[in-house]
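Topology and contacts: notes
In case you want the letters, here they are:
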Amino acid sequence: MSGPYTGTWDSSAIGTLSDDGYEIRCTIQGQEVNETDAYGQTLVEAIYRGQNWRALMRGLEWEVGLVDALQMFGQSVVSPGDLLPALQNIGDRWSRYCKPLVLTRILGDPPSVPLSLTATNAGLAPQMQAAFNMTSKVRELPLEMVFLPYAVTVGSSTKNVPFTTI
Amino acid sequence: MRTLIRRLLPDGSGKIRIHWFCRGPGPIKTKGRVVMFGINPQHLGGAQGKVACQASRTSLLPEVTGQGINHLEITDDPRAATCPECCATEEYKAAMANYATMYRGGAAAG
């Protein structure tokens, strides 16, 4: 259950990351039933309210996939890999600018599991803050992406998923 | 340390060639594992199918050659695939036709 992965966002390479690679996080949302007369503040039940998945990464290469993800809402001049952010599309749907994030394992023996992870509706996390230093050190670019749910058909059934794996 | 070779699309765009793993009958069976996580177990891997443009390929393992490691980047979602040969297969066209007629509202938008 270990091994590095290559990644693409909108089929553009993300490049080398820090030692933590792609950190996949899941938050299980629930409403707690924990204020009752009989049991006080004991957690006696909960209501399932969905789940949120996201990926954190810290890029060490100024690669196209990473830079373009940072500017997923548009550039002043369309130039993949260049830092030309533009203030546009404000008020538009977030998912409209999400693209597929595809992670594929590198190791074959022993093989890492899963072999591949695809989040077809992946984009920057709302309120994400990214900071990078323009100095004489390795430029690290941290990004946080959310996996918005989307429909996928497997066989004869269709489900809403945050991502799929092989 | 061997070089990892990632394939680009032939159109000069610099985009990565991402193959499509067509689930269903096929010579490939990936290793699966069940991990207890959150509200229910997560089934990772364990899929059966084929690489759309390489139907006779029996493994998804990277190929180690004298030049380096030939890395096969692959997805099971046709909407994320970029390999022109995979996208030209009948299975791919059928899968995309299915998504084209799917209602895209709320959580189903993609």
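The text that follows walks through the structure, step by step, so that each part is easy to find. Everything quoted here is computed from the prediction, not taken from an experiment.

**What about the overall build of chain A?**
- A count of helical and extended segments in chain A gives 1 helix and 10 strands.
- Counted from the first residue to the last, chain A has its helices and strands arranged as β-β-β-β-α-β-β-β-β-β-β.
- For chain A, the spread of C-alpha atoms along the principal axes amounts to about 60 × 45 × 40 Å.
- Looking at chain A residue by residue over its 166 residues, the buried ones come to 42%.
- Here the analysis covers contacts within chain A between residues at least 6 apart in sequence; of these, 55% occur between residues at least 24 apart.
- Of the accessible surface of chain A, which amounts to about 9200 Å², a share of 49% is contributed by carbon and sulfur atoms.
- Distance between charge centres in chain A, computed from 11 positive and 16 negative side chains, equals 6 Å.

**Here we look at the sheet that holds strand E6 (residues 63-64) of chain B**
- Spatially, the 3 strands line up as an open sheet ordered E1-E7-E6 (chain B), and their pairing is mixed. At either margin of the open sheet sits one strand with a lone partner, and together these are strand E1 (4-5) and E6 of chain B.

**Topic: the interface of chain B and chain A**
- Each partner contributes residues to the interface: chain B has 39 residues there, and chain A has 41 residues.
- Surface buried jointly by chain B and chain A totals about 3100 Å² across both partners, of which 64% is contributed by carbon and sulfur atoms.
- Linking chain B with chain A are 1 salt bridge, by the criterion used here.
- Of the charged contacts, one joins A:Asp10 and B:Lys15 as a salt bridge, the two residues approaching to 3.4 Å between their closest N and O atoms.
- Inspection of the region where chain B meets chain A yields 15 residue pairs in polar contact (both at pLDDT 80 or more).
- At 4 residues, the largest contribution of residues to the side of chain B that touches chain A is made by strand E4 (residues 40-45) of chain B.
- The class makeup of the residues in the side of chain B that touches chain A is 20 nonpolar, 10 polar and 9 charged.

**Focus on the sheet that holds strand E5 (residues 48-51) of chain B**
Residues and elements named next belong to chain B.
- On the basis of which strands lie adjacent, the open sheet formed by 3 strands has the order E5-E2-E8 and mixed pairing. The two strands at the open ends of the sheet, each matched to only one other strand, are E5 and strand E8 (74-75).
- The pairing of strand E2 (residues 19-29) with E5 spans 5 bridges and is antiparallel. Following the sheet pairing, Ile 28 is matched in E5 by Gly 49.

Calculation notes
Residues numbered from 1 in each chain as written. Chains lettered and ligands numbered in written order. Predicted model: local features only at pLDDT ≥ 70, side-chain atom pairs only at ≥ 80, totals over all residues. Heavy atoms only, no water. Helix = DSSP H or I, 4+ residues; strand = E, 2+ residues; numbered from the N terminus. Buried < 20%, exposed > 50% of the residue type's maximum accessible area, 1.4 Å probe, protein only. Contact = heavy atoms within 4.5 Å. Areas by Shrake-Rupley, 256 points an atom, 1.4 Å probe, with all protein chains shown as cover. Lys, Arg positive; Asp, Glu negative; His and termini not counted. Charge placed at Lys NZ, Arg CZ, Asp CG, Glu CD. Pairing = 2+ DSSP bridges. Buried area = accessible area lost by both parts, 1.4 Å probe. Salt bridge = Lys/Arg side-chain N within 4 Å of Asp/Glu carboxyl O. Polar contact = N/O pair within 3.5 Å; in protein donor to acceptor, adjacent residues only side chain to side chain. Nonpolar A, V, L, I, M, F, W, Y, C, P; charged D, E, K, R; others polar.

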